[in-house]
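Chain by chain, the residues:
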Amino acid sequence: MVPESDREKAVELKQTPLHTIHKEMGAKMVPFGGWDMPVQYTGIIQEHLATRSAAGLFDVSHMGEIFVTGKEDEVLSFLESVTCNTISSIKPGQVQYNAVVNEDGGLVDDITVYKFSDTKYMICSNASNYPAVAKHLEKYNKGKVTVVDDSKNWHQIALQGPKADQIFSKYMGKDLSSILYYHFEEMNWKGETIIVSRTGYTGEDGFEIYTSNALGVILWKDLLEIGKDFGLVPVGLGARDTLRLEAKYPLYGHELNAEWTPVESGINFIVKEKPSPYLGYERIIADKKNGPKRKIVGIRLMEPGVLRENFPIFSADGKEIGKSTSGTHSPSRKESLGLAILETEFAKNQTEVFVEIRGQKKLAKVETGAFIQGSVRNNR
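Residues numbered from 1 in each chain as written. Predicted model: local features only at pLDDT ≥ 70, side-chain atom pairs only at ≥ 80, totals over all residues. Heavy atoms only, no water.

**Re the packing of aromatic side chains**
What counts, and what does not: What counts as a ring pair is set by centres within 6.5 Å for rings of Phe, Tyr and Trp (its six-membered ring), and what kind of pair is set by the plane angle: stacked under 30 degrees, edge-to-face over 60, tilted for all other angles. Consider the ring centre and the ring normal. A charge sits over the ring if Lys NZ or Arg CZ is within 6 Å of that centre and within 35 degrees of that normal.
Using the criterion set out here, one finds 12 aromatic pairs in the structure. Taken together, Phe67, Tyr114, Phe116, Trp154, Phe184 and Tyr210 form an aromatic cluster joined through their ring pairs. Between lysine 248 and the ring centre of phenylalanine 371, over which it is positioned, the NZ or CZ distance is 4.5 Å. The positively charged end of lysine 361 is found above the aromatic ring belonging to phenylalanine 314, 4.0 Å away from the centroid.

The following block contains the structure:
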């Protein structure tokens, strides 16, 4: 059987508009979700710490942008039927974290929903999933609304870190502090309308900026130049992963998948009861009300070692109770931590468990609180 990584290399990888620039900057490129992406430029730890202390710039133009439009009541009804969070609670200019669910209560993808008006929404979906999300939406559309996967025409970069606001405000020549966390504005920039969203995947303050492909390349170069004096650096997928783990953000294919409900997956806070049931409603709400048999929690090693995914986890009496779903050595905390799916009775804070690493069982503790206190918390 050919390893997945080799199979991915055997097919032609897609490239973002910044691909040539990444290679010119000396980035190490790796296959990721069908794309050839930079994993690091100068080093994962350096890029991670720069984002936590100053700012990092990320190429996320492999993400998907799907627009849903139509009559107010029909668009709202449709979106409510395929997602587990309450779409009706969003106001124009707001962004909502949500998930597209399947018939069995699992996830097609976790998404962010942008509301432009009562008749226009945008769904930002993960790079490897947006074709499946678009197909899923069309399956349940029944022709009442318009669903357009416009991903190829949009470019997205993320400017993240405690100095992101200073950098981008200086660049745009205006104070952007009025854009609240999980809100966005449309702005005129160099002859086109761009979307500036105070969102991100690092636990730090920052923006995700949507433009045309051509202007995205210009923006990338300009921001790196103007951000030099602030400590801005380009950041690859390696530090993007360590940053999201410290922030306890789930990743599809790790904490999120087509089998586990949003409650099991640790994003219980987006599961809402609705007057009209959505896909997988009974199972998802049953997990919400009764508690799931297993769920995602944070864990950290109390002994030397490094957490990775799919390590078996045991209780103190030797019973196998789950597995790790993601893991890393935290550059901020200087210890090994990650996420794991455990039987619920063992998911309480500070519960001692044992992770099997290379045949040895290492002591670990469940940590239900935050791993880090990022600057994003000041903008909620």
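So that's the structure; there's more coming.
**So, the domain arrangement of the protein chain**
Selection criterion: Boundaries between domains were set according to an automatic or database domain assignment. As a working definition, buried area equals the accessible area (1.4 Å probe) given up by two parts on being put together, with both sides summed. By definition, a salt bridge exists where a carboxyl oxygen of Asp or Glu is found within 4 Å of a side-chain nitrogen of Lys or Arg. Pairs of N or O atoms within 3.5 Å make up the polar contacts considered here, provided that, within protein, one atom can donate a hydrogen while the other can accept it, and that residues adjacent in sequence are counted only when both atoms are side-chain atoms.
When the domains of the protein chain are assigned, the result is domain 1 (18-62 + 153-246) and domain 2 (293-379). Here domain 1 packs against domain 2, burying approximately 1300 Å² in sum over the two surfaces, 61% of which is carbon and sulfur. Considering only the side of domain 1, the residues that lose the most area to domain 2 are Tyr181, Leu245 and Glu246, jointly responsible for 47% of the buried surface there. For the pair domain 1 and domain 2, the number of links is 0 salt bridges. For the interface between domain 1 and domain 2, the tally reads 6 residue pairs in polar contact (both at pLDDT 80 or more).

**Remarks on the pattern of salt bridges**
The line we're drawing: A run of DSSP states H or I qualifies as a helix once it reaches four residues; a run of E qualifies as a strand once it reaches two. Both are numbered from the N-terminal end. The classification of residues rests on relative accessible area computed with a 1.4 Å probe and restricted to protein chains. Under 20% of the type maximum is buried, over 50% is exposed, and intermediate values are partly exposed.
Taken as a whole and assessed by the stated rule, the structure comprises 18 salt bridges. Glutamate 204 is the partner of arginine 52 in a salt bridge, and the nearest nitrogen-oxygen pair spans 3.1 Å. Taken together, the positions of arginine 52 in helix H3 (residues 44-53) and glutamate 204 in the loop between strand E11 (192-197) and strand E12 (206-211) put the pair 152 residues apart, joining distant regions of the chain. Residue arginine 52 is classed as buried on the basis of its relative accessible area, which comes to 15%. Given a relative accessible area of 6%, glutamate 204 falls into the buried group. Glutamate 246 is the salt-bridge partner of arginine 52, the closest N and O atoms lying 2.9 Å from each other. Taken together, the residues arginine 52 in helix H3 and glutamate 246 in helix H8 (residues 237-246) connect sequence positions 194 residues apart.

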